[in-house]
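Listed below are the residues making up each chain.
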Amino acid sequence: VHARSYRVESRHQFILPVAYPALLPRMLYWLLPAAGYLIGSVSSAIVVSALLRLPDPRTSGSRNPGATNVLRLGSKIGALLTLVGDIAKGLLPVLAVSCWISDHALLLVATGLGAFLGHLFPLYFKFAGGKGVATALGVVLAIHPLVALMQIATWLLVALVFRYSSLAALVPAAATPLYLWFYGD
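Once a new chain begins, its residue numbering starts again from 1 and follows that chain's sequence as written. The model is predicted, so local features are restricted to residues of pLDDT at least 70 and side-chain atom pairs to those at 80 or more, both for listing and for counting; the totals for chains, interfaces and linings are taken over all residues. To get the side-chain values, take all heavy atoms of the structure and skip hydrogens and water.

(A) Inspection of the overall build of the protein at higher detail. Strands here are runs of E lasting at least two residues and helices are runs of H or I lasting at least four, both read from the DSSP assignment and numbered beginning at the N terminus. Within the protein, the secondary structure is distributed over eight helices and two strands. Listing each helix as α and each strand as β along the protein from the N terminus yields β-β-α-α-α-α-α-α-α-α. Excluding contacts between residues fewer than 6 apart, the proportion of contacts in the protein whose partners are at least 24 apart in sequence is 50%. Surface exposure here means Shrake-Rupley accessible area, sampled with a 1.4 Å probe, where a residue is shielded only by the protein chains that are shown. Surface summary for the protein: the accessible area is close to 10900 Å², and the carbon and sulfur share equals 72%. A contact between two residues is defined here by any heavy atoms of the two lying within 4.5 Å.

(B) Structural detail: the environment of Ala 142. Position of Ala 142 among the secondary structure elements: in helix α6 (residues 133-143). Distance from Ala 142 to Pro 93, taken between C-alpha atoms, is 9.0 Å for residues 49 residues apart in sequence. When residues no more than four places from it in sequence are discounted, the contact partners of Ala 142 are Leu 91, Val 94 and Leu 95.

(C) Local environment of the packing of α6 against helix α7 (residues 145-162). Working convention: axes come from line fits to C-alpha atoms, limited for helices to the stretch in contact. Angles between N-to-C directions cover 0 to 180 degrees. Packing of α6 against α7 brings their axes to within 6 Å, and their N-to-C directions diverge by 140°. The orientation of α6 with respect to α7, classified from their angle, is oblique. Counted together, Leu 137, Val 140, Leu 141 and Ile 143 of α6 and Pro 145, Val 147, Ala 148, Gln 151 and Ile 152 of α7 form the full contact between these two elements. In terms of residue class, the contact of α6 with α7 is made up of eight nonpolar, one polar and no charged. Roughly parallel means an angle under 35 degrees; roughly antiparallel means over 145; roughly perpendicular covers 65 to 115; every other angle is labelled oblique. Residue type decides the class: Asp, Glu, Lys and Arg count as charged, Ala, Val, Leu, Ile, Met, Phe, Trp, Tyr, Cys and Pro as nonpolar, and the leftover types, Gly among them, as polar.

(D) Focus on the layout of surface pockets. Using a 1 Å grid laid over the protein atoms alone, points where a 1.4 Å probe fits but cannot get out form a cavity; open sets with protein on both sides within 12 Å along at least 5 of 7 lines form a pocket; any residue with an atom within 4 Å of a point counts as lining. Grid points are joined across faces, edges and corners, and a volume is the space filled by probe spheres set on the points. As a volume, the largest pocket reaches approximately 1500 Å³. Contributing elements (two or more residues each) for the lining of the largest pocket: α3 (67-72), α4 (76-100), α5 (105-120), α6, α7 and α8 (165-182). Counting residues per element, the lining of the largest pocket draws most heavily on α8, which supplies nine residues. The residue makeup of the lining of the largest pocket, split by class, is 30 nonpolar, 14 polar and five charged.

(E) A look at α6. Between buried and exposed lies partly exposed: a residue is buried under 20% and exposed over 50% of the maximum accessible area for its type, with that area taken using a 1.4 Å probe on protein chains only. Every buried residue of α6 is accounted for by Ala 134, Thr 135, Leu 137, Gly 138, Val 139 and Ala 142. Next to the buried residues of α6 lie α4, α5 and α7.

(F) Just the nonpolar core, in detail. In these notes, a set of buried Ala, Val, Leu, Ile, Met, Phe, Trp, Tyr and Cys residues joined through side-chain atoms within 4.5 Å is what counts as a nonpolar core. Residues Leu 28, Leu 32, Leu 91, Val 94, Val 97, Ile 101, Leu 107, Leu 108, Val 139 and Ala 142 constitute the largest nonpolar core, which totals ten residues. Listing elements by their share of this core, those giving two or more residues are α1 (23-40), α4, α5 and α6. Per-element tally for this core: the top contributor is α4, with three residues. Each residue touching Val 139, except ones within four places of it in the same chain, is listed here: Gly 90, Leu 91, Val 94 and Gly 112.

Structure, rendered in structure tokens:
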């Protein structure tokens, strides 16, 4: 086994000792989404609720482990920490791949999809997760920050006008293809 330098994308290069060097780039398309899934499986709402001694969001309020339910349970700080944690688990895996491994679009999207699916179906919590709104925002924030800002603005507008968090989540999700088209991506 020799340590060799491998190029996955034009601007990134990394060195790993691998017995079968031709397999490494192909393995990344399986390993990185799996790593994203494991990171996404950590439920910020459950962890924050346990740390702040709040009721378990899976059994209280709307029974959804997300920032809105933590807010319903009476903790603005808990809701904010949950929101930041959920955004981070979509954002950080994609940024890590982009910075240290490859900026290939398919690899970034696959890693983000892994984190998103981990939030929806968390391995550590019997595959019962949240709706994935904040985690998806984190993924979009890493891949296309301007579109993420438009999603946030749309969410705020819909939330202020209609006062429904679920509607405020659906409208930006539906508008995202339009935003991407508008910016030519």
